[in-house]
Amino acid sequence: MEAPVPQIWDIQADVVVVGFGAAGACAALEAAGAGSDVVVLDRFQGGGATALSGGVVYAGGGTPQQREAGVSDSPEAMFDYLSLEVGDAASPSTLLEFCQGSPAMLAWLERHGVPFEGSLCPDKTSYPTNRHYLYYSGSELSARDVAPPAPRGHRARGRGTSGGLLFARLAEAVRGSGTHVLEQTSARRLVTDSAGRVVGVECRTLRGAPGWARAAHRVLHRWSAKPYLYAPKLGRALHRPVAWLERRYGRPLLVAARRGVVLAAGGFVANRQMMREHAPAYRGGLPLGTPGDDGSGIRLGTEAGGATAFLDRVSVWRFLSPPAALLSGVLVDRAGLRVCDESRYGAAIGEAIVTRHHGQAWLLVDQATVAAARRQLRGTTLWFQRLQAWYLLTAGRVSAPTVAGLAARAGIDAGGLAATLDAYNSAAAAGLADPAGQPADPAGKPADLVRAQDRPPYSLIDLSVRPRLAYPAPMLTLGGLVVAEETGQVRRADGTTVPGLYAAGRNAVGLCSHSYVSGLSLADCVFSGRRAGRHAAAAIDAWQREAVSEPEGRPKAPRRRAGDTA
Ligand SMILES: Cc1cc2nc3c(=O)[nH]c(=O)nc-3n(C[C@H](O)[C@H](O)[C@H](O)COP(=O)(O)OP(=O)(O)OC[C@H]3O[C@@H](n4cnc5c(N)ncnc54)[C@H](O)[C@@H]3O)c2cc1C
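On a predicted model such as this, the values are computed, not experimentally measured, just so you know.

**Q** Even after reading the chapter, I still don't get the packing of aromatic side chains, so can you show me in this structure?
**A** In this description, a pair of aromatic rings is defined by centroid distance and the angle of the planes. Within this structure, the stated rule accounts for 10 aromatic pairs. Judged by centre distance (5.4 Å) and plane angle (80 degrees), the ring pair of Phe98 and Phe527 falls under edge-to-face. Placement of Phe98 in helix 5 (residues 92-100) and of Phe527 in helix 17 (residues 520-538) is noted, with a sequence separation of 429 residues between them. Phe98 gets classed as buried once you look at its relative accessible area, which sits at 2%. Here Trp244 and Tyr249 contribute two aromatic rings whose centre-to-centre distance is 6.3 Å and whose plane-to-plane angle is 85 degrees, an arrangement assigned as edge-to-face. Classification of Trp244 by relative accessible area gives partly exposed; the value is 41%. Its guanidinium or amino end placed over the ring of Tyr249, Arg248 lies 4.6 Å from that ring's centre, counting from NZ or CZ.

Shown next, in the form of structure tokens:
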């Protein structure tokens, strides 16, 4: 979209970053480190999904934390495994660069105050407790025929879900870098010059609004964040006054970007229309994000000519462990057919359930497995995992003394269920004795997790993806604006780039856009955010460019208003 270049800007900077989550913070740090004058703007106070996250960063190839835990890993092994997950979302050369630079990326985060630790979690889990900060966060163990497995989930060291700590440390570093953070300011439109170059951002801000309105906006947004995550209807209701305050008290603000604009405004899981349009199969999942994940950053990019990809890719989570005992169960659909290897990462299981089994799946377990799972609840879970596992082992479970009776109770095909269980129990009997070392299990589950389910009573635990307060299916969007992988510049459909425009994190196609394993989104935010910030800072100053190309023209350099500090 083209607009006349305004002659008077409210604020000017070399690089303007839209969105202050992990990607935006990393872009700002890199651009400021390169000597640029940087402004970051955020619709709220910053943090976004990053601050609510688990703070797990996917890293490997021999990080100090892996060495401390006595784990051996190499960039090649990491590359081989991630090639399976990343698919065509990134080129092999970009993926190799990511893997080879992984220890350095973690060291960069540590230099900016984010702590990590090499305490290895002994169990396969969706998220380690406060005693462990390194774990198998993907499907590495199921892919051992492709690459030697290594734990690569590096959780920032902090109690509870440590995304808050990760963001707080990055935010502190950003503020310390001299970057100007404009809170309560949302980007509404990109400003382009007559040549189509992005030269600024048209915003709406609460700067200058009455103090009570700013305070109410801040507090109400904060209060709605957790309900938004666990009970979206309530969260949306609580957030309505926030949007009203923005409409009522927001005023326009023009921010000039001499070198470039970096879009880092998160995904679109909170935009129900976009979800219906691009990912209709994922109805029933729980939006994992904030009201800021409304796709506005992606929209800004498409309006400037950018192309999108992978918008239909959504990560929906169905973790079986903790408790780890459940990994030995058998996941079946309504026809009684096996869904997949139960030891795979929760998002791989979720995808199999949604895309291949109409969102319906049950875990068949016997009495011994239920008893073992109950015993594991206390020591291996954080409170939210404990609640969900407790629900699954009580209200979410039906049992019967026979397999046929169980199938009837759950409305599952009895013949299919019996055949699947027979095949599984036979594999358990063959188990470790397999001479070729190949998993005997038909779904390829590692032999040490294949345990016969043959002690009645039998149970089926309902893992279907549907709205359930006690056991929601969290989901986040993975696709975004197509970017040039060397620079992070937004690409048009014809492959050319939009001058002056960059994208990062969940605004962009990145390493996790094909499939997500824990830590890969934040790792991609760091990787892509740094890349965009570095290249935006190195771009030619737009005003100098115009002065060179139009020496006779009227002066284009924006004027700074008195009192602006950017
Ligand atoms: C509960 C939970 C747990 C998770 N755990 C992990 C994990 O452990 N590891 C992992 O890799 N991933 C995890 N994820 C996913 C990960 O947190 C996100 O994918 C990632 O943080 C996205 O970062 P981002 O910088 O792209 O966006 P965000 O962190 O969401 O930041 C975007 C910012 O942009 C702002 N914004 C939006 N629109 C505008 C606008 N128009 N103008 C100005 N500002 C705007 C928002 O207010 C927000 O602050 C988790 C997510 C959740 C919700």
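**Q** Would you mind going over the site of the ligand with me for this structure?
**A** Near the ligand lie 40 residues; those nearest to it are Asp42, Ala49, Thr50, Ser521 and Leu522. Separating a nitrogen atom of the ligand from a backbone N or O atom of Gly54 is a distance of 3.0 Å. Here an oxygen atom of the ligand sits 3.4 Å away from a polar atom, N or O, in the main chain of Gly55. The protein chains hide 95% of the 1000 Å² of surface that the ligand would expose on its own. Broken down by secondary-structure element, the contributors of at least two residues to the shell around the ligand are helix 1 (22-33), helix 2 (48-52), strand 7 (185-192) and helix 17. Taken together, the residues of the shell around the ligand break down into 18 nonpolar, 18 polar and four charged.

**Q** In this structure, what is going on with the sheet that holds strand 13 (residues 330-332)? I would like to understand it.
**A** Whether parallel or antiparallel, the strands of a sheet pair through hydrogen bonds between backbone atoms. An order of 13-14-16-15 is seen for the four strands of this open sheet, with the pairing classed as antiparallel. Among the strands making up the open sheet, the edge pair consists of strand 13 and strand 15 (397-400). When the angles between neighbouring strand axes are averaged without regard to direction, this sheet yields 25 degrees. Where helix 13 (residues 367-380) meets the sheet, its contacts fall on strand 14 (362-365), strand 15 and strand 16 (458-462), and the angle it forms with strand 14 comes to roughly 105 degrees.

**Q** Would you explain the packing of helix 4 (residues 75-86) against helix 5 in this entry?
**A** Packed helices, taken two at a time, are described by the angle their axes make and the gap between the axes. Contact geometry of helix 4 with helix 5 gives a least axis separation of 9 Å together with a crossing angle of 135 degrees. One finds that helix 4 runs oblique with respect to helix 5. Our pair here, helix 4 against helix 5, has a crossing hand that is right-handed. Along its contact with helix 4, which presents Pro75, Met78, Phe79, Leu82, Ser83 and Val86, the element helix 5 presents Pro92, Leu95, Leu96, Phe98, Cys99 and Gln100. The class makeup of the residues in the contact of helix 4 with helix 5 is 10 nonpolar, two polar and no charged.

**Q** How do you make sense of the sheet that holds strand 3 (residues 56-58) when you look at a structure like this?
**A** Across the sheet, which stays open at both edges, the three strands sit in the order 3-5-4 with antiparallel pairing between neighbours. Here the strands that pair on one side only, and so sit at the sheet edges, are strand 3 and strand 4 (134-135). Sheet analysis places strand 4 next to strand 5 (residues 153-155), joined by two bridges and oriented antiparallel. Across the sheet, residue Tyr135 finds its bridge partner in strand 5, namely Gly153.

**Q** Please explain unusual backbone geometry as it appears in this structure.
**A** Among all residues except glycine, the phi angle is most often negative; among peptide bonds, the trans geometry is most common. Of note, the amide linkage connecting Ser321 to Pro322 takes the cis form, showing an omega dihedral of 10 degrees. Structurally, the position occupied by Pro322 is in the loop between strand 12 (314-316) and strand 13. The linkage connecting Pro322 with the following residue, Pro323, adopts the cis geometry, with an omega of 0 degrees. Looking at where Pro323 falls in the secondary structure, it is placed in the loop between strand 12 and strand 13. You will see that Phe310, though not glycine, has its phi angle at about 60 degrees, which is positive. Along the chain, the position of Phe310 falls in the loop between strand 11 (308-309) and strand 12. Unlike most non-glycine residues, His358 shows phi in positive territory, near 55 degrees. Of note, His358 is situated in the loop between helix 12 (346-356) and strand 14. Note on His358: relative accessible area 75%, which makes it exposed.

**Q** It is not clear to me how the environment of Ser224 should be interpreted in this structure. Could you clarify?
**A** Tracing the backbone shows Ser224 in helix 8 (residues 211-230). For the pair Ser224 and Thr161, spaced 63 residues apart in sequence, the C-alpha separation works out to 18 Å. Beyond its immediate chain neighbours, meaning those up to four positions away, Ser224 contacts Gly235, Leu238 and His239.

**Q** What exactly am I supposed to notice about the pairing of strand 2 (residues 38-41) here?
**A** The side chains of a regular strand alternate between both faces of the sheet. Here strand 2 shows no split at all, with Val38 and Val40 on one side and Val39 and Leu41 on the other all buried. In this sheet, strand 2 lies alongside strand 1 (residues 11-18) in parallel orientation, the contact comprising four bridges. Each bridged residue has a counterpart across the sheet, and for Val16 the counterpart in strand 2 is Val39. Pairing analysis gives three bridges linking strand 2 to strand 6 (residues 180-182), with the strands arranged parallel. Counted as the bridge partner of Val40 is Val181 from strand 6.

**Q** Quick question: what am I supposed to make of the pattern of salt bridges here?
**A** Per the stated rule, a full pass over the model turns up 18 salt bridges. Note that Arg258 and Asp14 form a salt bridge whose closest N and O atoms lie 2.9 Å from each other. With Arg258 in strand 9 (residues 251-263) and Asp14 in strand 1, the pair connects residues that are 244 residues apart, well separated along the chain. Across the pair Glu117 and Arg157 runs a salt bridge whose closest N-O atoms are separated by 3.3 Å. In this pair, Glu117 is assigned in the loop between helix 6 (102-111) and strand 4 and Arg157 in the loop between strand 5 and helix 7 (163-176), connecting sequence segments 40 residues apart. Residue classification places Glu117 among the partly exposed positions, given a relative accessible area of 23%.

Basis of the calculations
- Residues numbered from 1 in each chain as written.
- Predicted model: local features only at pLDDT ≥ 70, side-chain atom pairs only at ≥ 80, totals over all residues.
- Heavy atoms only, no water.
- Phe/Tyr/Trp six-rings, centres within 6.5 Å; stacked < 30°, edge-to-face > 60°.
- Helix = DSSP H or I, 4+ residues; strand = E, 2+ residues; numbered from the N terminus.
- Buried < 20%, exposed > 50% of the residue type's maximum accessible area, 1.4 Å probe, protein only.
- Lys NZ or Arg CZ within 6 Å of the ring centre and 35° of its normal.
- Near = heavy atom within 4 Å.
- Polar contact = N/O pair within 3.5 Å; in protein donor to acceptor, adjacent residues only side chain to side chain.
- Areas by Shrake-Rupley, 256 points an atom, 1.4 Å probe, with all protein chains shown as cover.
- Nonpolar A, V, L, I, M, F, W, Y, C, P; charged D, E, K, R; others polar.
- Pairing = 2+ DSSP bridges.
- Axes fitted to C-alpha atoms, helices over the stretch in contact; angles between N-to-C directions.
- Contact = heavy atoms within 4.5 Å.
- Parallel < 35°, antiparallel > 145°, perpendicular 65-115°, else oblique.
- Left-handed = near helix turned anticlockwise from the far one by under 90°.
- Salt bridge = Lys/Arg side-chain N within 4 Å of Asp/Glu carboxyl O.

Read these as geometric descriptors, not functional statements.
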